[in-house]
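Listed below are the residues making up each chain.
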Amino acid sequence: MNIITWLFDAQLHIGSQTILWREIVGNVFGLICAIGGMRRKSWAWPVGIIGNLLLLTVFLGAVFHTPNPTNLLGQAGRQIMFLIVAVYGWIRWHQNRGGQATAISPRWATGKQRIFLVVALIGGTAILTPVFRALGSFEPVWADAWIFMGSLLATYGMARGWVEFWLIWVAVDAVGVPLLVSAGYYASAFMYLFYGAFTLIGFFVWWRINRVETAARALLDTDSAMPVLRG
């Protein structure tokens, strides 16, 4: 048995509960991706892609005949979405990096961009809920749709360097933990709980970086203008 086959079939038994090791490993890759994102490192994106591929097979339980036959279509769909947006983010961060140690400078979204995020999150959830229900997703379906839309917008916001993307993850985690527990995905629920605390830390880290870099740019602009004023 090769390592890929072992990883696909390996299970962890805790009491009467069965957890797939690829669910655990996939979430660990997701955590490493989040740490890289907080540090503004381009390698965060390909690491996240590996985790997405593993979790895609987990959340399509009925398709891949896992011990948990519950399909969470929003969770599975967001892994596919992650793959697409991660490629965009990877390219964007790599292009922005140049010769710098970090790939992007955090900045606040504009008022219009914030309105877009709120409208897209609420409107997208409303549109996708009946679609996921028709496809047989786990109830409450709105929560699955909320997680999908929130994940899409948070990942896009991360690629753009918006500080607010961390807060969208908090909103995703707040809904994701009870949904995953009720669906029996305990490893992912635990990681969502951990992510909730981690994303708050990430928000304040990016907020501080933005404040420091903004002050540094203002000081540089002042120094550049001084010769003109003296003349």
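Note that this is a predicted model, so its numbers are computed, not measured. (Residues numbered from 1 in each chain as written. Predicted model: local features only at pLDDT ≥ 70, side-chain atom pairs only at ≥ 80, totals over all residues. Heavy atoms only, no water.)

Observations regarding the overall build of the protein chain
Across its full length, the protein chain carries 8 helices and 2 strands. Taken from N to C terminus, the helices and strands of the protein chain fall in the order α-β-β-α-α-α-α-α-α-α. In the protein chain, which comprises 231 residues, the share counted as buried stands at 49%. Taking the intrachain contacts of the protein chain between residues at least 6 apart in sequence as the baseline, contacts between residues at least 24 apart amount to 70%. Total accessible area computed for the protein chain in this model is approximately 11800 Å², and 72% of it derives from carbon and sulfur atoms. (Helix = DSSP H or I, 4+ residues; strand = E, 2+ residues; numbered from the N terminus. Buried < 20%, exposed > 50% of the residue type's maximum accessible area, 1.4 Å probe, protein only. Contact = heavy atoms within 4.5 Å. Areas by Shrake-Rupley, 256 points an atom, 1.4 Å probe, with all protein chains shown as cover.)

Here's the deal with the nonpolar core
The nonpolar side chains of a soluble globular protein tend to be buried with one another. Counting 53 residues, the largest nonpolar core has Leu153, Trp166, Tyr192 and Trp206 as the members making the most contacts within it. Among the elements of the structure, α2 (21–38), α3 (44–59), α4 (73–97), α5 (111–134), α6 (141–160), α7 (165–183) and α8 (186–230) are those that each provide at least two residues to this core. Beyond its immediate chain neighbours, meaning those up to four positions away, tryptophan 166 contacts Ala34, Gly37, Met38, Phe198, Thr199, Gly202, Phe203 and Trp206. (Core = buried A, V, L, I, M, F, W, Y, C linked by side-chain atoms within 4.5 Å.)

Brief notes about α7
Structural remark: α-helix, 3.6 residues per turn; residues separated by three or four positions point the same way. In a regular helix each residue adds 1.5 Å, so 19 residues correspond to 27 Å; α7 covers 26 Å between its end C-alpha atoms and thus fits that length. The sharpest bend along α7 comes to roughly 30°, located at glycine 176, with the proline proline 178 sitting one to four residues further on. Just beyond α7, the residue with positive phi is glycine 184, at close to 90°. (Expected span 1.5 Å × (residues − 1). Bend = angle between axes of the 7 residues up to and from the residue.)

What about the packing of aromatic side chains?
In total, this model carries 13 aromatic pairs according to the counting rule given. Relative to tyrosine 156, the ring of tyrosine 88 lies with its centre 6.3 Å away and its plane at 15°, an arrangement referred to as stacked. Here tyrosine 88 is found in helix α4, whereas its partner tyrosine 156 is found in helix α6, with 68 residues between them in sequence. According to the relative accessible area criterion, tyrosine 88 is partly exposed, its value standing at 34%. Exposure remark for tyrosine 156: the relative accessible area of 27% places this residue in the partly exposed category. Ring centres of tryptophan 166 and tryptophan 206 lie 5.9 Å apart, and the angle between their planes is 80°; on these two criteria the pair is classed as edge-to-face. Separated by 40 residues along the polypeptide, tryptophan 166 in helix α7 and tryptophan 206 in helix α8 bring together distant segments of the chain. For tryptophan 206, a relative accessible area of 0% puts it in the buried group. An aromatic cluster is present here, built from Trp108, Phe203, Phe204 and Trp207 joined pairwise through their rings. (Phe/Tyr/Trp six-rings, centres within 6.5 Å; stacked < 30°, edge-to-face > 60°.)

Points about the UniProt feature "transmembrane region" (unreviewed entry) in the protein chain
Annotation from UniProt places "transmembrane region" (unreviewed entry) at residues 43–64, 76–94, 115–135, 141–159, 166–186 and 192–209. A helix fraction of 90% and a strand fraction of 0% characterise residues 166–186, whose end C-alpha atoms lie 23 Å from each other. As a span, residues 192–209 carries 100% helix and 0% strand, and end to end its C-alpha atoms are 25 Å apart. (UniProt positions renumbered as here; feature names shortened; annotations may be inferred.)

Thoughts on unusual backbone geometry
Of note, arginine 40 is a non-glycine position whose phi angle comes to about 60°, a positive value. Structurally, arginine 40 can be placed in the loop between α2 and α3. Taking relative accessible area as the criterion, arginine 40 reaches 10% and is therefore assigned buried.

Notes on the pattern of salt bridges
This structure, assessed with the given rule, holds 3 salt bridges. Here glutamate 164 ties to arginine 114 by a salt bridge, and the two come within 2.7 Å at their closest N and O atoms. Of the two residues, glutamate 164 is situated in the loop between α6 and α7 and arginine 114 in helix α5; the sequence distance between them amounts to 50 residues. Residue glutamate 164 is classed as buried on the basis of its relative accessible area, which comes to 9%. Assessed through its relative accessible area of 38%, arginine 114 is described here as partly exposed. (Salt bridge = Lys/Arg side-chain N within 4 Å of Asp/Glu carboxyl O.)

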